[in-house]
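# Topology and contacts: notes
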Amino acid sequence: MSKEFIRRTVRLSSSFSDQKPGTSGLRKSSLQFEQPHYLETFVQAIFQTLPGLKGGLLVLGGDGRYGNMRAIDLILRMAAANGVSRVITTTNGILSTPAASNLIRIHNAVGGIILSASHNSGGPEGDFGVKINAANGGPASESLTNAIFDASKSILEYEIIDMPPINLENMGKYSIDGMSVDVIDGVEDYVDLMQRIFDFDQIHDLLKSNFSMVFDALNAVTGPYAKRIFEELLFAPYGTVRNGIPLEDFGGCHPDPNLTYAKEIADLLIHGNDYSFGAACDGDGDRNMILGRACFVNPSDSLAVLADNAHLVPAYRDGLVGVARSMPTSAAVDVVAKEKRFSCFETPTGWKFFGNLLDSNLISLCGEESFGTGSNHIREKDGLWAVLFWLQILAAKKTSVAELISKHWLKYGRHFYSRHDYEQVPSDIAVQLYERMESMLPNLQGQKFAHSNIYKADNFSYSDPIDNSLTKGQGIRILLDDGSRVILRLSGTGTQGSTLRVYLEKYSNSSQNISLDPQLELGSLILAIDDLAEIKKRTGFESPTVIT
Ligand code: G1P
Ligand code: ZN
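Note that the structure is a prediction, hence the values are computed from the model and not measured. (Residues numbered from 1 in each chain as written. Chains lettered and ligands numbered in written order. Predicted model: local features only at pLDDT ≥ 70, side-chain atom pairs only at ≥ 80, totals over all residues. Heavy atoms only, no water.)

### Some words on the site of ligand 1
Neighbouring residues of ligand 1: 13 residues in total, closest Ser-370, Ser-491, Gly-492, Thr-493 and Arg-501. A distance of 2.6 Å separates an oxygen atom of ligand 1 from a polar atom in the side chain of Ser-491. Contacts to ligand 1 include Arg-501, whose side-chain N or O atom sits 2.6 Å from an oxygen atom. For ligand 1, whose unbound accessible area comes to 380 Å², protein coverage reaches 97%. Of the residues in the shell around ligand 1, the class split is no nonpolar, 6 polar and 7 charged. (Near = heavy atom within 4 Å. Polar contact = N/O pair within 3.5 Å; in protein donor to acceptor, adjacent residues only side chain to side chain. Areas by Shrake-Rupley, 256 points an atom, 1.4 Å probe, with all protein chains shown as cover. Nonpolar A, V, L, I, M, F, W, Y, C, P; charged D, E, K, R; others polar.)

See below:
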């Protein structure tokens, strides 16, 4: 062993037993991650569990939040000590989730570690996370994350190499005790992929016409990607990308692109007159919000519009094989699929459930109501891809966002939709509320609910058509005779208390739809679910903390 590398086995007196990964990895407060040996133990569990890591290639990077650089240094030193043969990481550790998925795929890596707590706030007082991606580039399956959790419980020692951190400021090649490290530009390969999917010339023509766009990176990872794409390659004016430098604490903002947390850009579009198009992405770049002048595009509608217009994008010119949406996402895309005669799958919440469908070429596009849209180009949802997709449609059809959406509703009818979140509810109260509803399910069928009757009430379960795995308990569904739905779920990604999510949906094919307010249209469903689940009474909340 060369002199500067000192290999150490660190022995612990007790294990950390709370490292149960959630939807996409371990997500906890930065403070928890700073406990001595906490991050190390989880990383050791990954190295002992992820197939092929010994002698294999790992992709590593993060969204730039507080803790990113420390974790990259530590994981590199532990990777070398655990026999990984090569790691690809990125300058300044900046790597969006979709770009990481792409790198895993193009380099045939055995997987990736993405340091991010997605749309959760960052900084010493915010959250940190370690996401694990598998060899297909997608989020680790539940069986893999469970195996990592099981391993983490019994870890009482880990392997690490002592050495000064390597320089991540510039691209370069290093060797750590026989393991090679490539520091590459984390933006380039992703941008290449986008140029292969979309017709940049056509989007450029749109941007130089009487069309003005603004993009908000919310001080998170998409800044450098968006500047390269919009300002350098598509020649949008300098300043099109706002908050474009990734900051460790995201400048104090909550990098979640919705009407509450991305209010600045939402106000610019909805109340201002300066821009024709606006968009924002989340902390790690996989979520997107689309806005037009005086117009917010509901993510469920966005998926339907993309599916309807996919032939306008070069990569999907030959049509779609199928689409999928998560169960709580509105059925707007189902109507398009029916009309266009491709299959439509309904999966549980969480991107990992799209993986098998994409790998088996059963679907080309997929999406969730939680501002996530993606396709078979990678195995993660992709924020900037969705923004480019919208721009391509607008460029090809020479229309505005508002006009595109209203024509869509006129053709297919409108799914009035909203999600009401009650955040940081004390966990015992949220669980009791949920369990009470579960116990009531068998008696709800046939009961009057809002403007209609309940024809079915259940807890959603999903049988994967490829591996036949059964996933139960994915959300309480109240399905009404007229096609309306109310769904209740407890979030799997929060770090404080519990988040209760209530999803509301009502379909109408009246031509009056365009000017109607979803909160008013859904009013009777909102009252009925509050009455049945006793949400206000039990949580003490007067209203939801976030309404989308
Ligand atoms: C949330 C979203 C879900 C998404 C996940 C990861 O999970 O609702 O659609 O896949 O974040 O971005 P939840 O907190 O609801 O469990
Ligand atoms: Zn995210």
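### Points about unusual backbone geometry
The backbone of Asn-361 shows a phi angle near 60 degrees, a positive value even though the residue is not glycine. Looking at the secondary structure, you find Asn-361 in the loop between α12 (355–359) and β17 (365–368). Judged by its relative accessible area of 48%, Asn-361 is partly exposed. One non-glycine residue, Gln-424, lies in the positive phi region at around 55 degrees. Looking at the element boundaries, Gln-424 is found in strand β19 (residues 414–425). By relative accessible area, Gln-424 is classed as exposed at 51%. (Helix = DSSP H or I, 4+ residues; strand = E, 2+ residues; numbered from the N terminus. Buried < 20%, exposed > 50% of the residue type's maximum accessible area, 1.4 Å probe, protein only.)

### Some remarks on the side chain of Thr-91
Along the chain, Thr-91 turns up in the loop between β4 (86–90) and α4 (97–106). Beyond its immediate stretch of four places on either side in the chain, Thr-91 contacts Leu-168, Glu-169, Asn-170, Met-171, Val-183, Ile-184, Asp-185 and Gly-186. (Contact = heavy atoms within 4.5 Å.)

### Side note on the sheet that holds β4
Pairing within the open sheet is mixed, and its 7 strands lie in the order β2-β6-β5-β3-β4-β9-β8. Strand pairing shows two members of the sheet lacking a second neighbour, β2 (26–29) and β8 (172–176), which therefore form its edges. Shown here is a sheet whose adjacent strand axes are inclined to one another by a mean of 15 degrees, direction ignored. Alignment of β4 against strand β9 (residues 179–184), held across 5 bridges, turns out to be parallel. Looking across to β9, one finds that Val-87 is bridged to Val-181. Running at roughly 165 degrees to strand β3 (residues 57–62), helix α3 (residues 68–81) makes contact with β3, β4, β5 (111–115), β6 (127–133), β8 and β9 of the sheet. (Pairing = 2+ DSSP bridges. Axes fitted to C-alpha atoms, helices over the stretch in contact; angles between N-to-C directions.)

### Side note on the pairing of strand β13 (residues 288–292)
Most of β13 sits inside the fold, with 5 of its 5 residues counted as buried. Going residue by residue along β13, you find Asn-288, Ile-290 and Gly-292 tucked away on one face and Met-289 and Leu-291 tucked away on the opposite face as well. As paired elements, strand β12 (residues 277–281) and β13 share 5 bridges and run antiparallel to each other. Paired with Ala-279 across the strands is Ile-290, a residue of β13. Between β12 and β13, which pair antiparallel in sequence order, lie 6 residues; one of them, Gly-285, sits at a positive phi of approximately 85 degrees.

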